[in-house]
Structure formats: structure tokens, C-alpha cells
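In case you want the letters, here they are:
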Amino acid sequence: MELINKNEIGKKLSGRLLLNKSMKYIFLLCTLVGLVVLATLLIDTIIDGWSYLTTDFFTNFSSSRPENAGIKGALIGTLWLMATTAPIAIILSVGTALYLEEYAPKNKITDFIKINISNLAGVPSVVFGLLGLTLFVRMAGLGNSVLAAALTMSLMILPVIVVASQEAIRSVPSSIREASIGMGATKWQTITRVILPASLPGIITGIILSLSRAIGETAPLVVIGIPTILLFTPTGVFDTFSALPMQIFSWVKMPNPEFQSITAAAILVLLFILFLMNSVAIYIRNKYSKRF
Amino acid sequence: MNDYNIREMIDNKKGRRSTMFIEKMVPIILLVITSVSVLTTIGILVTLLSETVMFFTRVSPIEFLTSTEWSAFSSDPEWGIFALIMGTLKITVIAVAFAVPIGLGAAIYLSEYASDRVRRIIKPILEILAGIPTVVYGFFALTFVTPLIRGIWPEVNLFNAISPGLVVGVMIIPMIASLSEDAMSSVPNSMREGALGLGSTRLETVFKVVLPAAVSGIMASIVLAVSRAIGETMIVSIAAGSTPNASLNIMESLQTMTGFIVQVASGDATYGSDVYFSLYAVGMTLFVFTLLMNVIAQWFSRKFREEY
């Protein structure tokens, strides 16, 4: 008697191989869904909005008449928001990452801080908006100013930058660290002169990527109560402002079909900014990241 | 020449007060900075809780939990959170039903079939998809997906659950795909080789070895995606409408918890009114839901880490 029945196996084998082959293509199709949607979204938006990208579109303020509407206020507001959010977020999250990686003792409190940060990453942005509304807009009396929005955004992106920075700091090998300490450098000197320079590309990439998330974030701004039609640009962080995603959100709701086209045009501008930021991040990651 | 020796130089440097002061101060300053993240959590909890308590002094918690109608803006308002939860559930179920098979399929392809070159092209595209602002997805849902669905199926309303549900699904596909791919890639190759060596096809290896081995990592990715879908705000406020109802009909307008918060915040709810405080009661419910999901996801991924 043979140990295996060759006929039996042979009969089944062709079916199994066919299933294997066809499922491979189904899995490939699944992978392509994302690609197809991305392409459709881009093409649809470009068809809608391309012809509206004129110089007037960049130099006009928002208007209730679509032919006069532009994104000057929103664009400059977004730049103000980013310029204010970046330093606050960087100090908070790089400081936190340094503490957790370099100074924190291994105990329950440190574990709690770490769990807390990963939970914070899962809090919906609209809830951060509620926090900002209560804490910064009302209690601190900042109103719907650039600063109130920037503080809210900073807290929102904090967990992402902390995790990215922690990874970057952790990837600096301990041999370099020990060499620095061995040469007589103090801990802080080692951090500022050895560890931070070595982990900077990773940290900067994390910062740019989370800022690009903050730039398109709309929900917290809506909750804070950022105005959508504003006929001036802010001159300081205590001024009120509008932002690109807010502008898009208010135009989407307009019934006039021409507004659909200028919404698409504004989206193209937003996507272009995001594309630019992501390219810079990828460039920095590839060019400066050292492998130890 | 001065007769300095190295010992003296080191002592000299060490003795410098400013250096020692900095060394002592830095950990304290960094600890203060770190405490901001904890304070944020406390801030969220305190804000939501205190205003929710205010809300419940005006509206009975029993009505909040048992009524099935939510009509915050009518002259005789009803406050049944269930209507908003149903809205969120409808969107989440459609999104997850769409995204899980596709996201897992993509993860299997990337981890088990794709060559390195293909993976290097596709992963950045998934990253781009994950980075598209949700307000843009909302525009896409309203101006492209909804007309498409209404073309095929004319009885669907302009605002419905299907279109935003599918688009939220698209939004969470990259998350499921990349986290599940990570989980599958960390299954040791020896297990795969064992199955292939015993005569399994690649597909059988995937379903009988790799997926069971990576299951807790995959579950974590799905639960995280569910949490994202529950908290998603802009897509639903743009494309799902603003009529809360507890029905199971996915063809008509609805409102989610996040959608309600945006509607109130972008209109003018007078500070101190019932509607104003309801904002926080809804926010609290939303927070509890997403926190629960995140805790479950963490439990799954801890389990996964223990396995390997």
C-alpha cells in the first residue's frame, strides 16, 4: 500500500492551485482600490476646480458671490495658524519625548504617562475642539484667535510627534551616547550636542507630517468657532482668523453649483500644500537619515 | 607656561555653577513639559464631565438614555442620545464592512505576494490616502459618490448613510492595511516555510498559518479603525445630513454624534442654553465610545506582542 494516494492529491491539486492564483488577483484588486479612489478624487477635483485657479482667486477675500470669491484670508490664516502651532507643538512634544527616553525612571508613573499619550492619540479631533472651546476660548478668554486654535491643534498633534521623536531618539545607538559621556560631557551636553543632532531628521519628519495633518484638520476649528467669512487678515496671534479647511467646509454647504467649482479649487490649493510638505518630509528622511 | 594638569581642569569645569545648575534644572523642566500631556487628558475629562453634569441638571439622564428621539432645536426638545448613536453606528458599520475585506486583502497582498518593488510603490500611496484631509473626503462624498449612487439607485436621498459610510471606509482602509501588514510581516518566516514545505499553497499558508498567527494584531487594527470611524466628523457632517433618527434606513438623511457637535458649533447655540450643554453630553458619549475601542485595541496588541 502506498503511503499517499497520488490520484486523490492530483485531482485536488489543480483546484487548489487555481484558487491560489485567482485569490492572488483578488488581493491585488483590493490593493488597487485605494489607488483608484485616490486617482478618481484627484481627477474629479482637478476637472472641477482647475479653471478657477486664477490670480484673483488668491488675492480676493471670501465672498457670497462665487465669481468674486477667493482664498486670501483663508490662506494667510492657515499660514498664521501653522506658524503659531509649530513652535508650541515642537517644544511640548520634543520635550516630552526627551524626558520619556532620557530621564524618566522606570516606574508606574512613567508607564501611566506612556499609556496616557497613546490614548490621547485616539481621542477624536472634535473632542479636542470641545477642550479648546472651554479651556482656551472661554476660560482663558482668548476668543476665536489664532493662539486659541494653535494651542488646541498643538495638543491634538502632540501624541504623534512624541511617538515619532521617541523612535528617532531611540534609534541613536548607545555607543555614541557612551562615547560622549566617556569624554566627560554631561548628560545635557550629550543630549544637545550628540543625541538631538543625530535624531533630528526623524524628529523633523515627524513634525512636518503631523503639521500636515493639522493643516487639513477642520473639526476642532469649527467647534472653536473660527469665522468662515472674514474680510481682513490677522496681524497678531490674538486676532481672529479663517483657515483653508474652514473655507472649504463653508463653501461645500453652498447651494449654488458654481461654489462647487471654487471649493474644488480651494481643495487643490490645500492638497498642493500637503503634497509640498510631504515631499519635504520624505526628502529629509531620505537625505539626512543616518543608519548606524 | 601655566602648570595646569588635567585633574584641575576637570575639577574647574565641574565646579562651574551654571553647568551644574542646568544639569539639575533640565529634568525638572522636561517633567513639567511632559505633564502637559497628562493635564490634557485631565482637561478633557474635567471639561466633559462638569458640563455634562450641568446638562443633566436640566435634562433627566433617564430621558437621555432611553428616549429614541433627538430634536435639540425644536420648541419641545427631545434628548434621546440613541438616535445619534444609531446614526454613528450606521456609518461605522457600512465603513467597516467595506474597509475590512479590502484592507485585509491589500494587507495580505502586500505582506505575502507583493515583491519589494511593488511594496515600495504602494505603501507611499496608502500613506497619501491616509493623509488626505477629511473635509476633502466630505466634498468627494457629496459631489462624486452620492450622485453616483443616486444614478444607480434613484430612491436614495441626497443625504444618506451609504455615501459617507463608503467614504469613511476609504479613509480607514490605509490604517487597516498598514497595521495588519505589520502584524502579518512579523509572523516568523519559519512558520510560513513549514506550511509551504508540507505542501500548502500560498493561499492555504495565508489562511491556515499567517492569519491565525497574526490575528490579535489584525483585530487591533480593525478596532482602531472602528474608533476612527466613530470619531470621524467632517465626512458625515457634509454628506450625511442633519436629521437624527433611530431608524435602520440607510437611504435617508441622518445625524451622527460628531455631526451634531459640528452643527451646534457652526450655528450659534447661546452660551448656557440646553443645546450648549448637550454639546458636552454628546462629546462625553463619543469620548467613552472611542476610549473603549482604544483600550480594546491596546489589549489586542499587547496580546500580540506577548506571542512573538
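Residues numbered from 1 in each chain as written. Chains lettered and ligands numbered in written order. Predicted model: local features only at pLDDT ≥ 70, side-chain atom pairs only at ≥ 80, totals over all residues. Heavy atoms only, no water.

Scanning chain B from N- to C-terminus turns up 12 helices and zero strands. Going from N to C terminus, chain B has its helices and strands arranged as α-α-α-α-α-α-α-α-α-α-α-α. Taken against the 2.2 N^0.38 rule, which gives 19 Å for 308 residues, the C-alpha radius of gyration of chain B at 26 Å runs more than 25% over that of a compact globule. Summarising its shape, the C-alpha atoms of chain B cover approximately 95 × 65 × 35 Å along the three principal directions. Out of the 308 residues belonging to chain B, those deemed buried represent 53%. As displayed, chain B has an accessible area near 14300 Å², and 66% of this comes from carbon and sulfur atoms. Here chain B holds 20 positive side-chain charges and 23 negative ones, and the gap between their average locations is 12 Å. (Helix = DSSP H or I, 4+ residues; strand = E, 2+ residues; numbered from the N terminus. Rg over C-alpha atoms; globule rule 2.2 N^0.38 Å. Buried < 20%, exposed > 50% of the residue type's maximum accessible area, 1.4 Å probe, protein only. Areas by Shrake-Rupley, 256 points an atom, 1.4 Å probe, with all protein chains shown as cover. Lys, Arg positive; Asp, Glu negative; His and termini not counted. Charge placed at Lys NZ, Arg CZ, Asp CG, Glu CD.)

Further remarks concern the packing of aromatic side chains. For the structure on display, the rule yields 17 aromatic pairs over all chains. Between Phe56 of chain B and Phe64 of chain B the ring centres are 5.2 Å apart and the planes differ by 75°, which places this aromatic pair in the edge-to-face class. Residue placement shows Lys187 of chain A over the ring face of Tyr103 of chain A; its charged tip is 4.9 Å from the ring centre. (Phe/Tyr/Trp six-rings, centres within 6.5 Å; stacked < 30°, edge-to-face > 60°. Lys NZ or Arg CZ within 6 Å of the ring centre and 35° of its normal.)

Another aspect to go through is helix 6 (residues 134–152) of chain B. Taking 1.5 Å of rise per residue, the 19 residues of helix 6 of chain B would be expected to cover 27 Å, and the 25 Å separating its terminal C-alpha atoms lies within 8% of that figure. At Ala141 of chain B, helix 6 of chain B shows its largest kink, close to 40°. (Expected span 1.5 Å × (residues − 1). Bend = angle between axes of the 7 residues up to and from the residue.)

All names here are of chain A. The final tally for this structure, using the stated rule, is one cavity of 30 Å³ or more. By volume, the largest cavity is sized at about 40 Å³. Counting residues per element, the lining of the largest cavity draws most heavily on helix 3 (residues 72–103), which supplies three residues. Class assignment for the residues of the lining of the largest cavity results in four nonpolar, six polar and one charged. (1 Å grid on protein atoms, 1.4 Å probe; cavity = no way out; pocket = protein on both sides within 12 Å on 5 of 7 lines; lining within 4 Å. Points joined across faces, edges and corners; volume = space filled by probe spheres on them. Nonpolar A, V, L, I, M, F, W, Y, C, P; charged D, E, K, R; others polar.)

Quick look at the environment of Glu102 of chain A now. Residues and elements named next belong to chain A. Tracing the chain through its elements places Glu102 in helix 3. With 184 residues separating them along the chain, Glu102 and Asn286 place their C-alpha atoms 26 Å apart. The contacts of Glu102, once residues within four sequence positions are left out, are Ile169, Arg177, Lys187, Ile191 and Ile195. (Contact = heavy atoms within 4.5 Å.)

Summed over the entire model, instances satisfying the criterion amount to 10 salt bridges over all chains. A salt bridge links Arg16 of chain A to Glu204 of chain B; its shortest N-O distance comes to 2.7 Å. With Arg16 of chain A in helix 1 (residues 6–49) and Glu204 of chain B in helix 9 (residues 202–231), the pair connects residues from two separate chains. Measuring nitrogen to oxygen at the nearest pair gives 3.8 Å for the salt bridge that ties Arg213 of chain A to Glu217 of chain A. In this structure Glu217 of chain A comes out as buried when scored by relative accessible area, which is 10%. (Salt bridge = Lys/Arg side-chain N within 4 Å of Asp/Glu carboxyl O.)

Our focus in this paragraph is the domain arrangement of chain A. Residues and elements named next belong to chain A. What the domain assignment lists for chain A is domain 1 (6–52) and domain 2 (56–288). Using C-alpha coordinates to define each centre, domain 1 is positioned 35 Å away from domain 2. Taken together, the contacts link seven residues of domain 1 with 10 residues of domain 2. When domain 1 packs against domain 2, close to 720 Å² is buried across both sides, 73% of that on carbon and sulfur atoms. Of all residues in domain 1, Thr45, Asp48 and Tyr52 bury the most surface against domain 2, accounting for 72% of the area lost on that side. Across the domain 1-domain 2 interface, the total number found is zero salt bridges. Inspection of the domain 1/domain 2 interface yields one residue pair in polar contact (both at pLDDT 80 or more). The class makeup of the residues in the side of domain 1 that touches domain 2 is four nonpolar, two polar and one charged. (Domains from an automatic or database assignment. Buried area = accessible area lost by both parts, 1.4 Å probe. Polar contact = N/O pair within 3.5 Å; in protein donor to acceptor, adjacent residues only side chain to side chain.)

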